[in-house]
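# Summary of structural features
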Amino acid sequence: EDFPRLRFGIQPERMSGSWETFVLKPFSRKESPLEMKGVERATACCRLWVEEGMDVCMNRFNQKEFA
């Protein structure tokens, strides 16, 4: 709560093992398009945060359509 942060979320359809193992394993070929889409959205989010401020950024990217 002492500083703003940007979280890049993940949610597996099914997960076996620990979160640490899931988070640190490489993306599969099937997941690759989602990886690029996520990176593009994160880039747009960071750019908007810098240009327009955190509140504008949160209002735009915390909507259901971006989840």
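So, here is what we can say about the structure in this document. (Residues numbered from 1 in each chain as written. Predicted model: local features only at pLDDT ≥ 70, side-chain atom pairs only at ≥ 80, totals over all residues. Heavy atoms only, no water.)

### A short note on the state of the cysteines
- A complete count under the given rule lists 0 disulfides for this structure.
- The closest cysteine sulfur to the non-disulfide-bonded cysteine 45 is located on cysteine 57, 3.2 Å from its own sulfur.
- A relative accessible area of 7% means that cysteine 45 is categorised as buried. (Disulfide = S-S within 2.5 Å. Buried < 20%, exposed > 50% of the residue type's maximum accessible area, 1.4 Å probe, protein only.)

### A closer look at a nonpolar patch on the surface
- On the surface, Met15, Trp19, Val23 and Leu24 cluster together to form a nonpolar patch covering roughly 430 Å² of accessible area.
- Looking at the element boundaries, methionine 15 is found in the segment before α1 (19-24). (Patch = residues over 30% accessible without salt bridge, like charges linked within 9 Å, V, L, I, M, F, W, Y side chains within 5 Å. Areas by Shrake-Rupley, 256 points an atom, 1.4 Å probe, with all protein chains shown as cover. Salt bridge = Lys/Arg side-chain N within 4 Å of Asp/Glu carboxyl O. Helix = DSSP H or I, 4+ residues; strand = E, 2+ residues; numbered from the N terminus.)

Coordinates in, geometry out; function isn't part of it.
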